Amino acid sequence: MLIVIVALYIIVFLLTWLKKSSYSWMLLLTALLMQGWNLVNFTLQTHHLPVFTPAASLMLVAFILGLTTFFISMRTVTPLPGRRWAILLTIILLAAALLWPQAPPCFDYNHIYPYAVAFHVFRRLALAAALFATALFLSTFSLNVHKVKEAAIARHQGRTALLAATVFYLLSEDTGIIWCLNGWADVWRWTPGFIISSMVIMFLMLILHLPGGSLKNNSWYTILGLSCGPLMFIAQFYKP
Amino acid sequence: MRVPPIIASLRFTTGLLTTLTIWFAAFTPLVRLGGGRKIIKAMNHGMIIDWLRQESAASMPMKLWFAGLCLLMGLLALNLITCTWRRFLPTLHDSSKKWLIFLIHLVFGLLVLCHGAGFFWGWRPSPIVAHSGETVALTNGRQLAIDHITFNDDPAILAKPRRQWTYHDFDYRHNSVQIHLVQNSTMIAAGRVATYEPLRHGSLQVTLLGFTTPGQGSQTPGVHLRITQAPLARPTIWLFHLMILLTFSYCIVTWRLAATDRRPTHKITENKEE
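Residues numbered from 1 in each chain as written. Chains lettered and ligands numbered in written order. Predicted model: local features only at pLDDT ≥ 70, side-chain atom pairs only at ≥ 80, totals over all residues. Heavy atoms only, no water.

Describing the sheet that holds strand S8 (residues 222-229) of chain B
Whether parallel or antiparallel, the strands of a sheet pair through hydrogen bonds between backbone atoms.
Phase 1: Overall, antiparallel pairing links the four strands, which are arranged S1-S8-S7-S6 (chain B) in an open sheet. Edge positions in the sheet fall to strand S1 (128-130) and strand S6 (199-201) of chain B, since each has one partner strand and no second. Averaged over all pairs of adjacent strands, the angle between their axes in this sheet comes to 25 degrees, without regard to strand direction.
Phase 2: Direction of pairing for S6(B) relative to strand S7 (residues 204-212) of chain B: antiparallel, over a ladder of three bridges. Directly across from His201(B), in S7(B), lies its bridge partner Leu204(B).
Phase 3: The sheet strands contacting helix H6 (residues 148-184) of chain A are S6, S7 and S8 of chain B, and the helix crosses S7(B) at an angle near 75 degrees. (Pairing = 2+ DSSP bridges. Helix = DSSP H or I, 4+ residues; strand = E, 2+ residues; numbered from the N terminus. Axes fitted to C-alpha atoms, helices over the stretch in contact; angles between N-to-C directions. Contact = heavy atoms within 4.5 Å.)

In structure tokens:
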């Protein structure tokens with residue numbers, strides 16, 4: 001079913017590129033319904049949410065990104081800048097989920113502990129928001145040439161998406177430290193996982209503190225803003 | 001004492017945050033060079049101040065890294081205080097957005113202070129392994145007694161690695177230990193401790209880390225426990241909740257680009273930026 005979903009997204013991407021919006025909405029909705037069904041099935045079979053294994057997490061992040069693109073596009077009168085990029089990123093996530101080495105089925109009691117579940121859910125939400133910001137920042141490169149005002153709006157929207165990613169990431173940290181306190185008697189542990197989380201927070205703070213912010217046509221702001229999504233992706237999925 | 005203007009500048013902030021990002025990224029390679037899991041275990045074994053006092057050549061790179069982290073956080077704190085004094089406080093009357101930014105930075109500063117102080121203030125002896133009926137002597141004149149261990153699942157699963165457990169093998173909610181903690185013959189805490197349900201008495205916490213295989217001549221597993229005292233753990237968590245709430249509020253307040261901001265951008269001069 002995942003291959004069919006990827007194929008649908010590729011068609012949506014091509015239709016969006018050719019500016020055939022009405023057809024692409026119906027196909028996007030179909031793809032989202034199929035993804036949702038896939039994820040519900042996964043949850044029922046494994047007795048836990050699809051946030052603990054890389055392949056399932058990638059499918060969930062792709063679903064959230066697709067859903068965000070769909071709903072925000074529906075609300076805007078003018079075409080959402082970055083819509084094509086968001087759909088392309090969704091295709092990349094689904095392809096990664098398809099190609100990721102399948103882990104053997106595993107159940108751990110953390111999978112039903114509410115704070116552990118919340119930690120992982122918020123992490124995936126943060127990644128989806130950061131990747132949505134990446135799509136918006138990517139769109140500013142083409143907008144900057146002819147549509148300066150639209151580029152400024154897209155940069156601001158990207159910044160708002162990054163703020164949303166920050167809120168979700170902080171929520172994951174919050175639930176994570178409660179999980180750690182209840183499970184290991186401390187709010188902090190000196191481990192690569194905790195340090196990498198802090199690194200991501202520092203990076204988010206860095207982008208939000210760049211002089212001039214999103215209003216200035218600052219290529220550093222755009223480059224750092226769009227790299228937050230890939231950085232968060234690597235932080236969550238790369239295990240050396 | 002006059003603080004140089006650079007200390008209160010946004011460029012200094014971004015420079016520090018860039019350095020901190022790279023500094024945090026250097027942790028994992030340093031751990032690998034310094035001996036891997038042994039270093040991490042040593043850092044997490046007790047209070048960080050005890051780890052710093054240990055004489056070990058293997059952990060010297062990590063100690064230098066930690067010292068660098070403290071220095072960078074100290075500079076960030078200085079930058080935060082000077083920025084608050086010179087940039088935020090004079091503009092508080094402008095709008096609610098400025099108040100939100102001020103509060104976010106204030107709470108962030110308190111959070112980092114609490115978190116940092118928590119590494120040096122508290123009590124954190126080594127974890128203990130005990131069986132039913134045993135009494136373990138701790139530091140500070142304290143004793144922990146294991147009254148009764150309840151293990152409703154099959155103890156044989158404890159011999160298997162956790163990644164091989166299935167959905168029905170272990171339910172963390174149904175297994176627990178009854179303990180009481182005594183100091184100088186006075187009972188200070190008593191009750192049930194389960195996985196993710198520690199026993200708390202003020203800032204004192206008894207946490208069940210896990211179960212061990214049954215001892216000789218017994219069917220009941222042993223327990224792996226940790227007793228800690230962290231006065232700043234709860235305030236840190238509450239400050240974190242507050243910071244998230246303020247950041248969310250700021251996100252909502254600045255969601256829409258203001259009408260005055262929608263005009264085409266132009267190059268901002270150096271004076272205006274500062």
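Here we look at the sheet that holds strand S3 (residues 142-150) of chain B
Residue and element names in this part refer to chain B.
Phase 1: Taken in spatial order, the four strands of this open sheet run S2-S3-S4-S5, and their pairing is antiparallel. Strands at the two margins of the open sheet, each flanked by one partner only, are strand S2 (135-137) and strand S5 (186-194). Averaged over neighbouring strand pairs, the angle between their axes works out to 20 degrees when direction is ignored.
Phase 2: In this sheet, S3 lies alongside S2 in antiparallel orientation, the contact comprising three bridges. In the strand pairing of S3, Val136 is matched with Leu144.

Considerations on the confidence of the model for chain B
All names here are of chain B.
Phase 1: When pLDDT is averaged across chain B, the result is 85; 92% of the residues are at 70 or more.
Phase 2: Within the model, the stretch residues 259-274 combines pLDDT values under 50 with 23 contacts to residues more than four positions away or in other chains.
Phase 3: Scored as a complex, the prediction yields pTM 0.91 and ipTM 0.90. (pLDDT = per-residue confidence, 0-100.)

Examining the interface of chain A and chain B
Phase 1: Of the residues lining the interface, 55 residues belong to chain A; the matching set on chain B comes to 64 residues.
Phase 2: Of the roughly 5700 Å² buried between chain A and chain B on both sides combined, carbon and sulfur atoms contribute 71%.
Phase 3: Where chain A packs against chain B, one counts one salt bridge.
Phase 4: Among the ionic pairs, Asp186(A) bridges to Arg124(B), the shortest N-O distance being 2.9 Å.
Phase 5: Taken together, the links from chain A to chain B amount to 12 residue pairs in polar contact (both at pLDDT 80 or more).
Phase 6: At the level of secondary structure, the elements contributing two or more residues to the side of chain A that touches chain B comprise H6 and helix H7 (192-208) of chain A.
Phase 7: For the side of chain A that touches chain B, the per-class residue count stands at 35 nonpolar, 11 polar and nine charged. (Buried area = accessible area lost by both parts, 1.4 Å probe. Salt bridge = Lys/Arg side-chain N within 4 Å of Asp/Glu carboxyl O. Polar contact = N/O pair within 3.5 Å; in protein donor to acceptor, adjacent residues only side chain to side chain. Nonpolar A, V, L, I, M, F, W, Y, C, P; charged D, E, K, R; others polar.)

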